[in-house]
Amino acid sequence: MENLKTRLREDMKNHLKAGNRVELMTVRNLLGEINTREKGGKTPVELDDAAVTALLQKEAARRRETAQTYTEAGALDRAASENAEAEIIEAYLPAPLDAAAVQGIIDSAIASLSADGVELSMRSMGSVMKLVSAEVAGRFDGKAVSDMVKAALA
């Protein structure tokens, strides 16, 4: 299974060969940001897929915010460019989950902890959140997940 950085590098080569300028520039910028994060700081680190996904989510959100700013300022061509880059970035992100799917994940986490003999209360929220967050990771709003877990444990 290829990881996200490998996929980005391969796509960069393909966009270069195909002459896709916007896609090439966007993927290059993403890889540059990943390299900066990995090599910045006192000790180099290797970003895993979860960290790269989080970075991509931030970059897509940044592009959307910039597009909104350009739209408000009347620079519609620049806003369209930022939105196009955001769409390219979002293509690398996992599909978002809906509330019903997240509730199912929460229910299965609670059932698995109950089967292990853990008495569930609000004190066990951290244990439930740990299991749920591992599966949801970046595909649903964290605050909403927390609220759903609180409601399930109450």
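Check the entry above for the structure.
Residues numbered from 1 in each chain as written. Predicted model: local features only at pLDDT ≥ 70, side-chain atom pairs only at ≥ 80, totals over all residues. Heavy atoms only, no water.

Concerning helix 5 (residues 99–115)
Move 1: The end-to-end C-alpha distance of helix 5 is 24 Å, a good match for the 24 Å that 17 residues give at a rise of 1.5 Å each.
Move 2: On its buried face, helix 5 sits against helix 6 (125–136) and helix 7 (142–153).
Move 3: Phi for Gly 117, located one or two positions after helix 5, is positive at around 90°. (Helix = DSSP H or I, 4+ residues; strand = E, 2+ residues; numbered from the N terminus. Expected span 1.5 Å × (residues − 1). Contact = heavy atoms within 4.5 Å.)

Notes on the pattern of salt bridges
Move 1: This model, assessed by the stated rule, comprises nine salt bridges.
Move 2: Among the salt bridges present, the one from Glu 90 reaches Arg 64, with a minimum N-O distance of 2.8 Å. Taken together, the residues Glu 90 in helix 4 (residues 76–90) and Arg 64 in helix 3 (residues 49–73) connect sequence positions 26 residues apart.
Move 3: One salt bridge in this structure joins Lys 143 and Asp 147, with 3.2 Å as the shortest N-O distance. Remark: Asp 147 and Lys 143 occur in helix 7; sequence separation between them is four residues, near one turn of the helix.
Move 4: You can call Lys 143 exposed: its relative accessible area is 52%.
Move 5: Among the residues examined, Asp 147 registers a relative accessible area of 37% and is labelled partly exposed.
Move 6: Here the salt bridges share partners, and the residues they tie into one network are Glu 59, Arg 62, Arg 63 and Glu 85. (Salt bridge = Lys/Arg side-chain N within 4 Å of Asp/Glu carboxyl O. Buried < 20%, exposed > 50% of the residue type's maximum accessible area, 1.4 Å probe, protein only.)

Observations regarding the packing of helix 3 against helix 4
In a packed pair of helices, the relevant descriptors are the angle between the two axes and the axis-to-axis distance.
Move 1: The interhelical angle for the contact between helix 3 and helix 4, taken along N-to-C directions, is 165°, at an axis separation of 8 Å. Taken together, helix 3 and helix 4 sit at an angle that is classed as roughly antiparallel. Viewed along their axes, helix 3 and helix 4 form a crossing whose handedness is left-handed. In this structure, helix 3 contributes Leu 56, Glu 59, Ala 60, Arg 63, Arg 64, Thr 66, Ala 67, Tyr 70 and Thr 71 to the contact, and helix 4 contributes Leu 76, Arg 78, Ala 79, Glu 82, Asn 83, Glu 85, Ala 86, Glu 87, Ile 89 and Glu 90.
Move 2: Of the residues that constitute the contact of helix 3 with helix 4, the class distribution is eight nonpolar, three polar and eight charged. (Axes fitted to C-alpha atoms, helices over the stretch in contact; angles between N-to-C directions. Parallel < 35°, antiparallel > 145°, perpendicular 65-115°, else oblique. Left-handed = near helix turned anticlockwise from the far one by under 90°. Nonpolar A, V, L, I, M, F, W, Y, C, P; charged D, E, K, R; others polar.)

Side note on the nonpolar core
Move 1: Val 102, Ile 106, Val 128, Val 132, Val 136, Val 145 and Val 149 are the most contacted members of the largest nonpolar core, which has 16 residues in total.
Move 2: Contributions of two or more residues to this core are made by helix 5, helix 6 and helix 7.
Move 3: In terms of residues, this core owes the most to one element, helix 5, which gives six residues.
Move 4: Those residues in contact with Ile 106, other than ones at most four positions away along the chain, are Val 132, Val 145, Met 148, Val 149 and Ala 152.
Move 5: Leu 8, Leu 31, Leu 47 and Leu 56 belong to the second-largest nonpolar core, a separate cluster that totals 15 residues. (Core = buried A, V, L, I, M, F, W, Y, C linked by side-chain atoms within 4.5 Å.)

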